[in-house]
Amino acid sequence: MVLVLALGLVPGWARAGTGVFVNGFELDAVTVERLETVYSSEVLPARYWYDRRSGLWGLVGGPGIGQLAAGLALGGPLAYDASGGMTRVVVNNRALHPRELDWLRGRYGEVRPGRYWLDASGVAGFEGGPAQFDLRAGAGGYNRNTPGGALMNDGRCAGYLHPDGPSVMVGDC
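Residues numbered from 1 in each chain as written. Predicted model: local features only at pLDDT ≥ 70, side-chain atom pairs only at ≥ 80, totals over all residues. Heavy atoms only, no water.

Participant: How would you sum up the nonpolar core? Please name residues and give values.
Facilitator: Ranked by size, the top nonpolar core spans eleven residues in total: Val89, Val91, Leu96, Leu101, Leu104, Tyr108, Val111, Tyr116, Leu118, Ala124 and Phe133. When residues of this core are traced back to their parent elements, those giving at least two are strand S6 (89-91), helix H3 (98-108) and strand S8 (114-118). Top element by residues in this core is H3. It accounts for three residues. Residues Val20, Val22, Val32 and Tyr48 belong to the second largest nonpolar core, which totals nine residues. (Core = buried A, V, L, I, M, F, W, Y, C linked by side-chain atoms within 4.5 Å. Buried < 20%, exposed > 50% of the residue type's maximum accessible area, 1.4 Å probe, protein only. Helix = DSSP H or I, 4+ residues; strand = E, 2+ residues; numbered from the N terminus.)

Here's what the structure looks like:
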């Protein structure tokens, strides 16, 4: 039996690891099986990152390539450099990959370096602040007055209008 184990000739169900890593931790076979059942897709052995707040996921070092349900207990915490850490635009503690930043710029114009949050519905804002952007295609938009100024978004253009001076507009305004 020792020879069989050393050669790796045991049935698949008896193998120790799945080869599926999420945020640095290997998923067990039951979790991989559940994901495959729920999403009707094979989960290939690889190293992935997963953002619990937005549900976005991708291969380590790369951009987001899909979205799962948010809040799944998969792996450890999301690393700042999960997508390579190459930009100064940080969303839910992950520095965006240059391709993601290019997509945002193509859709909304200039994107300021900074720290942002993004939820699973595509609504986002500056870290610690209220909702200011809606990244969903064709979003209805909003206009909110707050004590610190007005926030607006029509799905193409988003902005902050300061009551006493400078305003910030991003997108196709």
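Participant: Outline the pairing of strand S4 (residues 56-59), listing residues and values.
Facilitator: Pairing geometry for strand S3 (residues 46-50) and S4, over three bridges, is antiparallel. Bridge pairing in S4 places Tyr48 opposite Leu59. Two successive antiparallel strands, S3 and S4, enclose a turn made up of five residues, where Gly55 displays a positive phi of approximately 85 degrees. Of the pairings in the sheet, the one linking S4 to strand S5 (residues 64-67) comprises three bridges and is antiparallel in character. (Pairing = 2+ DSSP bridges.)

Participant: Any chance you could break down the pattern of salt bridges for me, citing the residues and the numbers?
Facilitator: In total, this model carries three salt bridges according to the counting rule given. Close ionic contact of Glu110 with Arg105 constitutes a salt bridge, the shortest N to O distance being 3.9 Å. Of the residues examined, Glu110 reaches a relative accessible area of 52% and is grouped as exposed. One salt bridge connects Glu127 with Arg115, and the closest N-O pair in it is separated by 3.1 Å. Of the two residues, Glu127 sits in the loop between strand S9 (123-126) and strand S10 (133-134) while Arg115 sits in strand S8, which places them twelve residues apart along the sequence. Of the residues examined, Arg115 reaches a relative accessible area of 35% and is grouped as partly exposed. (Salt bridge = Lys/Arg side-chain N within 4 Å of Asp/Glu carboxyl O.)

Participant: So, the environment of Arg52: which residues are in play, and what are the values?
Facilitator: Turning to its location among the elements, Arg52 is positioned in the loop between S3 and S4. Between the alpha carbons of Arg52 and Pro77 there is a distance of 8.5 Å; along the sequence they are 25 residues apart. In this view, Arg52 contacts Ala70, Gly71, Leu72, Ala73, Leu74, Gly75 and Gly76; residues no more than four positions away in its chain are not counted. (Contact = heavy atoms within 4.5 Å.)

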